[in-house]
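Each chain, written out:
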Amino acid sequence: MDEMTITSAQYTELNSMIRATIDGTEMFIPLDPANRHYAEILRQVEAGTLTIADAD
Amino acid sequence: MTRARDIANLGNNTTNLETLDALYGDNVLTGRNLIINGSFTVAQRGTSATVTTGSAPLTVDRFSTNIANLDQASLTESQDSAVPSGQGFANSFKVVVGGTAETTLDGDETVYIRYQGIEGQDAQHLAFGTSSAKKTTLSFWVRSGVTGNYAVLMYTNNGIGGASPRSQTLTYTVNSADTWEYKTITFDGDGASGNALANDTSAELQLYFSLAAGSNSTATDGTSWGAYAQGKLAYGQTANLIGTASAAFYITGVQLEVGETATPFEHRSYGDELAKCQRYYYESGGTATNDWGQKGYQIASNYIANTLSHPVAMRAAPSVTKAGTFVTSAIAQPTPLGSSTTSWYWQAQKDGSSGAWTMYSNSSGKFTLESEL
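The residue numbers shown here count from 1 along each chain, following its written sequence. In the order they appear in the text, chains get letters beginning with A and ligands get numbers beginning with 1. With the structure being a predicted model, the display of local features is reserved for residues of pLDDT at least 70 and the display and counting of side-chain atom pairs for 80 or more, all residues being used for whole-chain, interface and lining totals. Each side-chain value is worked out from all heavy atoms of the structure, with water and hydrogens disregarded.

Caption draft 1: Highlighting the pairing of strand E16 (residues 303-309) of chain B. All names here are of chain B. Of the strand pairs in this sheet, strand E15 (residues 297-300) and E16 are connected by three bridges, and their pairing is antiparallel. Among the inter-strand pairings, Tyr297 is bridged to a residue of E16, identified as Ala305. Note on pairing: two strands pair once DSSP finds at least 2 bridges between them. Working definition: helices are DSSP H or I runs of at least four residues, strands are E runs of at least two. Numbering for both runs from the N terminus. In sequence, E15 turns back onto E16 through a hairpin of two residues. Bridge analysis of E16 against strand E20 (residues 343-349) gives seven bridges, and the strand direction is antiparallel. Bridge pairing in E20 places Tyr303 opposite Gln349.

The following block contains the structure:
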């Protein structure tokens, strides 16, 4: 019922987290499907509305 | 007679409700309340905030105010000291209407307070999805500037991702404006086959306290358990909090327990409540200078890092947010690099080949770690 606005997403070095801006806040998100932010990223990637950039 | 003697005599005295009430009231019988922070004593993020369209708590832990598609009204939420007299509470959760009141709601407008959820592994004893599914009773104190019927939705997620959520929507009535009233609502158990609560860390059981709802959220009879639909979110809601300028809604003493009888609120210590909240969120830093210091260790030619334990095991690996600027020595500002349910680690670029490689807390720099449902 609740939605998140994700405006950027990029893997960190070592590909251990995703650096993303969600609802205007930059955060580092672990690759844990039980994490609500990562679950939403996966959902939006699946829907084709979000792309995760490779690490620098 | 001592409380110990009361307990010893319970086997011969189970119909003595007065004695049972006294035992509950003295918190002898604990572990009943499925709700965390139901007396709103913990507010790690702050004590007052303007409500935005996000879904995470902004002030008090485990509860959030959610708005959708409001045209003119706005809302602020806060941890408040107004409480019902003589009930042993010190805090309540307050939502106040700002902006311009909306006496007529568009169909898609909604305002509700959401309890962030009970993990499925903590609700297995409700036996949902079986013929033994148990009823639960929700009790709370409420004070509202707007009288009328208010809806409460119980929502089951059915696993991470919520492929087939189900719900039941019931109502309570605020009879007198700006007056504390005690309310109880008994939800049925959801005994429908195939709808057992997942035995995991997902938000299997959630509560939504509606404060205002357009017709899209009230159109479908949700008074019996069934597949969730938007029209059930606030079925039966007639009160419109945002229809009155400056109207305030207070709630405290939120308790959800197994059975058809509401027992006195289970007061917990602040430490116990804080630890329960930290499973979902905590902050590190942002207080006084040198409250703590972290020594980094070299992990690569140009980088140092360190691992920190969480105060309690978290529900899931948390998202980490860095705010402000830490005091550092011979390193750049730290960056989170990994997290698990028990710990997380940061790294920072070295500033020189030798040095203390440390960072210190201050009132500016802080990390927040979040594994909300």
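Caption draft 2: Looking closely at the interface of chain A and chain B. Residue contacts are defined here by distance: any two heavy atoms, one from each residue, within 4.5 Å place the two residues in contact. Listed per partner, the contact involves 20 residues of chain A and 31 residues of chain B. Defined in terms of a 1.4 Å probe, buried area is the accessible area two parts forfeit on being brought together, summed over both. Interface area, chain A with chain B, both sides summed: about 1,900 Å², of which 53% is carbon and sulfur. Salt bridges, as used here, are contacts in which a Lys or Arg side-chain nitrogen is within 4 Å of a carboxyl oxygen on Asp or Glu. Where chain A touches chain B, the interface holds one salt bridge. The partner of Glu370 of chain B in a salt bridge is Arg36 of chain A, and the shortest N-O contact between them spans 2.9 Å. Counted as a polar contact is a pair of N or O atoms within 3.5 Å, where, for protein atoms, one must be capable of donating a hydrogen and the other of accepting one, and residues adjacent in sequence contribute only when both atoms are in side chains. Applying the counting rule to chain A against chain B returns nine residue pairs in polar contact (both at pLDDT 80 or more). Elements represented by at least two residues in the side of chain A that touches chain B include exactly strand E3 (25-30) and helix H1 (36-47) of chain A. Note on residue classes: Ala, Val, Leu, Ile, Met, Phe, Trp, Tyr, Cys and Pro are nonpolar, Asp, Glu, Lys and Arg are charged, and everything else, Gly too, is polar. The residue inventory of the side of chain A that touches chain B, partitioned by class, reads nine nonpolar, five polar and six charged.

Caption draft 3: Main features of H1 of chain A. Residue and element names in this part refer to chain A. To estimate how far a helix should extend, the number of its residues minus one is multiplied by 1.5 Å. For H1, which comprises 12 residues, the first-to-last C-alpha distance of 16 Å matches the rise-based estimate of 16 Å (1.5 Å per residue) to within 8%. Per-residue accessibility, obtained with a 1.4 Å probe over protein chains only, is compared with the maximum for each type, and a residue is labelled buried under 20%, exposed over 50%, and partly exposed between these values. Among the residues of H1, those classed as buried are Arg36, His37, Tyr38, Glu40, Ile41 and Gln44. At the N-terminal end of H1, a side-chain oxygen is found 2.8 Å from the backbone nitrogen of His37, two or three residues along, and the residue is Asn35.

Caption draft 4: Focus on the pairing of strand E4 (residues 92-99) of chain B. Residue and element names in this part refer to chain B. Note that strand E3 (residues 73-80) and E4 share eight bridges and pair antiparallel. When the sheet's bridge partners are listed, Ser78 is paired in E4 with Lys94. Note: E4 against strand E12 (residues 248-258), four bridges, orientation antiparallel. When the sheet's bridge partners are listed, Lys94 is paired in E12 with Tyr250.

Caption draft 5: Seen up close, the pattern of salt bridges. All names here are of chain B. Overall, the coordinates contain 14 salt bridges over all chains when judged by the stated rule. The salt bridge involving Glu372 is made with Arg62; its shortest N-O contact spans 2.6 Å. In this pair, Glu372 is assigned in the segment after strand E22 (366-370) and Arg62 in the loop between strand E1 (48-50) and strand E2 (63-68), connecting sequence segments 310 residues apart. Across this residue pair, the class does not change: Glu372 and Arg62 are buried. Linking Glu273 and Arg268 is a salt bridge whose minimum nitrogen-to-oxygen distance equals 2.7 Å. You'll find Glu273 and Arg268 in the same group, each marked buried.

Caption draft 6: Main features of unusual backbone geometry. Although it is not a glycine, Leu14 of chain A sits at a positive phi angle of roughly 75 degrees. A positive phi angle is found at Ala127 of chain B, which is not glycine, with a value near 55 degrees. When you line up the elements, Ala127 of chain B lands in the loop between strand E5 (110-119) and strand E6 (136-144).

Caption draft 7: The arrangement of the side chain of Gln206 of chain B in detail. Residue and element names in this part refer to chain B. Looking at the element boundaries, Gln206 is found in strand E10 (residues 203-213). Residue Gln206 is classed as buried on the basis of its relative accessible area, which comes to 4%. A polar atom in the side chain of Gln206 sits 3.2 Å from the backbone oxygen of Ala203. Setting aside residues up to four positions removed in sequence, Gln206 forms contacts with Arg114, Tyr115, Gln116, Gly117, Leu153, Met154, Tyr155 and Asn157.

Caption draft 8: Quick look at helix H3 (residues 270-278) of chain B. All names here are of chain B. Among the residues making up H3, those that are buried are Glu273, Cys277 and Gln278. On an axial view of H3, the arc spanned by its buried residues comes to 135 degrees, and they lie on one face. As for H3, its buried residues are in contact with strand E13 (281-285). It is the directions from the helix axis to the C-beta atoms whose arc is reported.

Caption draft 9: Main features of the environment of Ala68 of chain B. All names here are of chain B. Relative to the helices and strands, Ala68 resides in strand E2. The exposure class of Ala68 is partly exposed, given its relative accessible area of 23%. Along the chain, Ala68 and Glu109 lie 41 residues apart, while their C-alpha atoms are 5.5 Å from each other. Among all residues touching Ala68, those that are not within four sequence positions of it are Asp108, Glu109 and Thr110.

Caption draft 10: View of the confidence of the model for chain B. pLDDT measures the predictor's confidence residue by residue and takes values from 0 up to 100. Overall, the prediction assigns chain B a mean pLDDT of 90, with 90% of residues at 70 or greater. Quick note on the complex model: pTM equals 0.91, ipTM equals 0.96.

Caption draft 11: Representation of the sheet that holds E3 of chain B within the structure. Residues and elements named next belong to chain B. With antiparallel pairing, the six strands of this open sheet are ordered in space as E1-E3-E4-E12-E6-E9. The open sheet has two edge strands with one neighbour each: E1 and strand E9 (181-187). This sheet shows a mean twist of 25 degrees between the axes of neighbouring strands, independent of strand direction. Note: E6 against E12, eight bridges, orientation antiparallel. By the bridge assignment for E12, Trp141 is matched with Thr252. In this analysis an axis means a line fitted to C-alpha atoms, helices contributing only their contacting stretch, and an angle means the value between N-to-C directions, from 0 to 180 degrees.

Caption draft 12: View of the sheet that holds strand E18 (residues 327-329) of chain B. Residues and elements named next belong to chain B. Overall, antiparallel pairing links the three strands, which are arranged E14-E21-E18 in an open sheet. Since the sheet does not close on itself, it has two edges, and those belong to strand E14 (293-295) and E18, each with one partner. Going across the sheet, the axis of each strand differs from the next one's by a mean of 15 degrees, ignoring polarity. As judged from the three bridges shared by E18 and strand E21 (residues 358-360), these two strands associate in the antiparallel manner. Residue pairing in the sheet places Ser329 in a bridge with Thr358 of E21.

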